[in-house]
Amino acid sequence: DTLLPLGKQWYQRRVRGMGKAYEALGRCQQNEGKIEEALESYKEFVNIAKDEGNQDVYSQACASLADLYNMLGDYGSAVEFYEKSSESMETEDQERVQLMNISLAIARSHNQLQSFSSAILHNTPQLTASLVEWKDYRDDAFMMASRPATACTDSAQSTAQEA
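Residues numbered from 1 in each chain as written. Predicted model: local features only at pLDDT ≥ 70, side-chain atom pairs only at ≥ 80, totals over all residues. Heavy atoms only, no water.

1. Description of the packing of aromatic side chains
Applying the stated criterion across every chain yields a total of 1 aromatic pair. Pairing Y69 with F81 gives two aromatic rings, centres 6.0 Å apart and planes at 25°, and the pair type is stacked. Taken together, the residues span a long stretch of sequence, with Y69 in helix 3 (residues 55-72) and F81 in helix 4 (residues 75-88) at a distance of 12 residues. Residue Y69 is classed as buried on the basis of its relative accessible area of 9%. (Phe/Tyr/Trp six-rings, centres within 6.5 Å; stacked < 30°, edge-to-face > 60°. Helix = DSSP H or I, 4+ residues; strand = E, 2+ residues; numbered from the N terminus. Buried < 20%, exposed > 50% of the residue type's maximum accessible area, 1.4 Å probe, protein only.)

Right, here's the structure in full:
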């Protein structure tokens, strides 16, 4: 009976060590410019961390993979793994949470810009119409957000006076 808990502890340490080894290997490969190998190492780190069940380690693994995808310009994959990292984060470290939110927002923005750049480059009437529609929507949203608070208050006061 006492061997089973010890065996589980040994296995968990071994798995955690393997995950950290894949993380370190991925960083080395990335620094050496061996990007495909780094991707595979980070993916293995994600799989090991997921199997381990430690949410913070899984969050870090997903963030490492997302960072590499972001660097490669694969913003869709970066968003996917930043979201997984954010969802699994179990920390009170507000700086880490804010950094993750910023990274996710940047990847989302790049992903959207990539889509619109493609629409401009391929310049079909349908893509151009879609881009103009999006711009009109953004202009309307901006105008509503930038309206001074006094204008809203003045409008409400004049409506009240009419009643």
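2. Quick look at helix 4
Here helix 4 spans 20 Å end to end across 14 residues, near enough to the 20 Å set by a 1.5 Å rise per residue. Listed as buried for helix 4 are Y75, S77, A78, V79, F81, Y82, S85 and S88. (Expected span 1.5 Å × (residues − 1).)

3. Describing helix 2 (residues 35-52)
The end-to-end C-alpha distance of helix 2 is 25 Å, a good match for the 26 Å that 18 residues give at a rise of 1.5 Å each. All buried positions along helix 2 are accounted for by I35, A38, L39, S41, Y42, F45, V46, I48, A49 and E52. Positive backbone phi, at 90°, marks G53, one or two positions downstream of helix 2.

4. Regarding the nonpolar core
Ranked by internal contacts, the top residues of the largest apolar core, which has 24 residues, are V46, L65, L68, Y69, F81 and Y82. Looking at this core, the elements that each hand over two or more residues are helix 2, helix 3, helix 4 and helix 5 (94-122). For this core, the leading source of residues is helix 3, giving 9 residues. Not counting residues up to four positions away in its chain, the partners in contact with Y69 are L39, K43, D74, S77, A78 and F81. (Core = buried A, V, L, I, M, F, W, Y, C linked by side-chain atoms within 4.5 Å. Contact = heavy atoms within 4.5 Å.)

5. A short note on the layout of surface pockets
Within this model, the largest pocket holds a volume of roughly 150 Å³. Taken together, S59, Q60, A63, D67, Y82, S85, M89, R96, L99, M100 and S103 form the lining of the largest pocket. Secondary structure elements with two or more residues in the lining of the largest pocket: helix 3, helix 4 and helix 5. Each residue belonging to the lining of the largest pocket can be placed in one class, and the counts come to 5 nonpolar, 4 polar and 2 charged. (1 Å grid on protein atoms, 1.4 Å probe; cavity = no way out; pocket = protein on both sides within 12 Å on 5 of 7 lines; lining within 4 Å. Points joined across faces, edges and corners; volume = space filled by probe spheres on them. Nonpolar A, V, L, I, M, F, W, Y, C, P; charged D, E, K, R; others polar.)

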